[in-house]
Amino acid sequence: MKQPEEAKPTLIDSCADFSADISHIKSMEHSYSCRGTMSCLALLAALCLGAAVVARGQLTDDFYDGCCPQADDIVKNRVSAAMKAEPRMGASLLRLHFHDCFVNGCDGSILLDGSNSEKLAGPNLNSARGFEVVDAIKADLEKECPGVVSCADVLALAAKYGVLLSGGPDYDVLLGRRDGLVANQSGANSNLPSPFDAISVIIKKFTDVGLNTNDVVVLSGGHTIGRARCALFSNRLSNFSSTSSVDPTLDSSLASSLQTLCQGGDGNQTAALDAGSADAFDNHYFQNLVSQKGLLSSDQGLFSGAGANATKALVQLYSANSERFLCDFRRSMVKMGNISPLTGSAGQIRNNCRAVN
């Protein structure tokens, strides 16, 4: 199945000016020995500012190498600790990055508190998780290199390690985003794909941010880890239509177990998005779709029904070829992380991810 051409994410492989800036500031650091009016921390901040100017709106995979080389390890260690306490946290951090990028671009706006917070939007209320983990990562980074690493980049790195530590693929995260100054609750309500949306609507929402149909399917594969509340799929379990009590595209044995789980509850009970492989990042999610065991209607819709014309073949491909899924997932994650980032002098580096400076 031939896919449309897709824009490649912007990536700097090498930059002579950037390297020159690094060498210059490092020599300054040596000369000053971090004394006097220019501290090591000021030099590090200046180095990243210089990188942002040289990048001219582009993200790089080595953005913090000179100014906060510990950033990657700091994020990895915090995510690892959080996932040892709760394996589900990897999926929650992946979802935060996804929900951030679809609203205002990848600018960390989902992390802001306030009356217009994206946290209070329908798709995030009582379901977006991991904010305390992000807070802990940011606190560690501010101790090590204050004012340098953006909250938007924290989300991108945390998502990477949420995937990797769940057994998923490694990939180079492009960095250099800056943080937005405003949240967009109405945008979160309208722009985020919903589990109740038709596949055609979901494809349109992806297209609106520069992603294509292949990205829809492969990024939906992120549901190979994580859980969903009964409120998001109970409509498939009873009074589904005038001709069927239960969604006919839902496996009957799975439907029965889900009815037992959700019956009499408040809608906040949770079930694994990938039954049979809940905490392992693999292609089992797609195998479930082929067997009519997708939990959300937006999941099963990728394979079943008239709306699946553009996606069914890809589900079959990924269900049979794990390596292809993992390879394409890496590419789509980098592409998604490149949705309208703030760079250069735009936005700011928030000291606290929950509030503007």
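As annotated in an unreviewed UniProt entry, the chain is Peroxidase from Urochloa decumbens. Its UniProt record, at the heading Subcellular location (unreviewed entry), says of the chain: "Secreted". Annotation of the chain in UniProt includes, under Function (unreviewed entry), the sentence "Removal of H(2)O(2), oxidation of toxic reductants, biosynthesis and degradation of lignin, suberization, auxin catabolism, response to environmental stresses such as wounding, pathogen attack and oxidative stress. These functions might be dependent on each isozyme/isoform in each plant tissue."

Engineer: Outline the nonpolar core, listing residues and values.
Structural biologist: With 75 residues, the main nonpolar core has V149, F329 and M336 as its most contacted residues. Among the elements that take part in this core, helix α6 (residues 151–164) stands out by supplying 9 residues, more than any other. Grouped together as the second largest cluster of nonpolar side chains are 14 residues, C230, L232, A255 and L295 included.

Engineer: With reference to specific residues and values, describe the UniProt feature "binding site: substrate" (unreviewed entry) in the chain.
Structural biologist: As recorded in UniProt, the sites labelled "binding site: substrate" (unreviewed entry) are P193. Considering the arrangement of structural elements, one finds P193 in the loop between α7 (185–191) and α8 (199–208). With relative accessibility at 17%, the residue P193 sits in the buried group. Other than its neighbours up to four places away in sequence, P193 contacts F98, F102, I202, K205 and F206.

Engineer: Explain empty space enclosed by the protein to me, and be specific about the residues and the numbers.
Structural biologist: With the rule as written, the count across this model stands at 1 cavity of 30 Å³ or more. For the largest cavity, the calculated volume is near 60 Å³. If you go around the largest cavity, the residues you meet are H97, A156, Y171, V173, L174, R177, M333, V334 and G337. A class-by-class count of the residues in the lining of the largest cavity yields 6 nonpolar, 2 polar and 1 charged.

Engineer: Go over the layout of surface pockets, please, and point to the residues and values.
Structural biologist: Looking at the largest pocket, its volume works out to about 830 Å³. What lines the largest pocket is a set of 38 residues, and nearest its centre among them are R95, H99, H223, L273 and L296. Where the lining of the largest pocket is concerned, the elements lending two or more residues are α4 (89–101), α8, α9 (213–220), β1 (227–229), α12 (297–300) and α14 (322–336). Taken together, the residues that form the lining of the largest pocket break down as 21 nonpolar, 11 polar and 6 charged.

Engineer: Lay out the pattern of salt bridges in plain terms, naming residues and giving numbers.
Structural biologist: Where side chains of opposite charge bring their charged atoms close, a pairing between them can arise. In this structure the tally under the stated criterion is 14 salt bridges. Here D113 and R354 are joined by a salt bridge, their closest N and O atoms 3.5 Å apart. Residue D113 is found in the loop between α4 and α5 (131–144), and its partner R354 is found in the segment after α14; the two are separated by 241 residues along the sequence. When its relative accessible area of 41% is taken as the criterion, D113 is described as partly exposed. Across the pair D328 and R324 runs a salt bridge whose closest N-O atoms are separated by 3.0 Å. Taken together, the residues span about one helical turn, with D328 and R324 both in helix α14 at a distance of 4 residues. The exposure class assigned to R324 is partly exposed, which follows from its relative accessible area of 38%. Counted as one network, the salt bridges with shared partners bring together D113, K119, D135 and R354.

Engineer: Go over the state of the cysteines, please, and point to the residues and values.
Structural biologist: Put plainly, a disulfide is one covalent bond tying together the sulfur atoms of two cysteines. Using the criterion set out here, one finds 4 disulfides in the structure. Across the disulfide from C101 sits C106; the S-S distance is 2.0 Å. Across the disulfide from C101 to C106, rotation about the S-S bond amounts to roughly 120°, and the bridge is consequently right-handed. Across the disulfide from C151 sits C353; the S-S distance is 2.1 Å. Taking the sign of the torsion about the S-S bond as the criterion, the disulfide between C151 and C353, at about -95°, is left-handed. Placement of the pair is C151 in helix α6 and C353 in the segment after α14, with a sequence separation of 202 residues. Accessibility expressed as a relative area gives 0% for C151, which makes it buried.

Engineer: For the confidence of the model for the chain, give the residues involved together with the corresponding values.
Structural biologist: Averaged over all residues, the pLDDT of the chain is 88; the fraction at 70 or higher stands at 84%. Note on residues 52–56: pLDDT is under 50 here. Beyond four places in sequence and across chains, it has 7 contacts.

Engineer: Describe α9, naming the residues involved and giving the relevant values.
Structural biologist: For α9, the buried fraction is high: 8 of the 8 residues fall into the buried class. Those residues of α9 that sit buried are T213, N214, D215, V216, V217, V218, L219 and S220. With a side-chain oxygen positioned 3.1 Å from the backbone nitrogen of N214, the residue opening α9 is N212.

Engineer: Now, about the packing of aromatic side chains: what can you tell me, with residues and values included?
Structural biologist: Per the stated rule, a full pass over the model turns up 11 aromatic pairs. A ring pair is formed by F102 and F206, whose centres lie 5.0 Å apart and whose planes are at 65°; its orientation type is edge-to-face. Residue F102 is located in the loop between α4 and α5, and its partner F206 is located in helix α8; the two are separated by 104 residues in the primary sequence. Owing to a relative accessible area of 2%, F206 belongs among the buried residues under this scheme. When the centroid spacing of 5.0 Å and the interplanar angle of 70° are considered together, the rings of F286 and F325 count as edge-to-face. With a gap of 39 residues between them, F286 in helix α11 (residues 284–290) and F325 in helix α14 connect regions that are remote in the sequence. The pair formed by F286 and F325 is uniform in burial state, with each residue classed as buried.

What counts as what
Counting starts from 1 at the beginning of each chain's written sequence and moves along it residue by residue. Only residues with pLDDT of 70 or above have their local features reported here, since the model is predicted, and side-chain atom pairs are shown and tallied only from 80 upward, although totals for entire chains, interfaces and linings are computed over all residues. Side-chain metrics in this entry use all non-hydrogen atoms of the structure; hydrogen atoms and water are not considered. UniProt positions are given in the numbering used here, feature names are shortened, and annotations may be inferred rather than shown by experiment. Nonpolar core, defined: a set of buried Ala, Val, Leu, Ile, Met, Phe, Trp, Tyr and Cys residues in which side-chain atoms within 4.5 Å join the residues together. With a 1.4 Å probe rolled over the protein chains alone, any residue whose accessible area is under 20% of its type maximum counts as buried; one over 50% counts as exposed, and the rest are partly exposed. Here a strand is any run of E in DSSP of at least two residues, a helix any run of H or I of at least four, and the numbering for each starts at the N terminus. By definition, residues are in contact when any of their heavy atoms lie within 4.5 Å. Think of a 1 Å grid over the protein atoms and nothing else: a 1.4 Å probe that fits but is trapped marks a cavity, an open set flanked by protein within 12 Å on at least five of seven lines marks a pocket, and residues with an atom within 4 Å of a point count as lining. Grid points are joined across faces, edges and corners, and a volume is the space filled by probe spheres set on the points. Amino acid classes used here: Ala, Val, Leu, Ile, Met, Phe, Trp, Tyr, Cys and Pro are nonpolar; Asp, Glu, Lys and Arg are charged; the rest, including Gly, are polar. One side-chain nitrogen of Lys or Arg within 4 Å of one carboxyl oxygen of Asp or Glu is enough to make a salt bridge. When two cysteine sulfur atoms are found within 2.5 Å, that pair is recorded as a disulfide. Every residue is assigned a pLDDT by the predictor, reflecting its confidence on a scale from 0 to 100. Identification of polar contacts relies on pairs of N or O atoms within 3.5 Å, with a donor-acceptor requirement for protein atoms, meaning one able to donate a hydrogen and the other able to accept it, and with residues adjacent in sequence counted only if both atoms are side-chain atoms. Only centres within 6.5 Å qualify two rings of Phe, Tyr or Trp (six-membered ring in Trp) as a pair; their planes then separate them into stacked at under 30 degrees, edge-to-face at over 60, and tilted for everything else.

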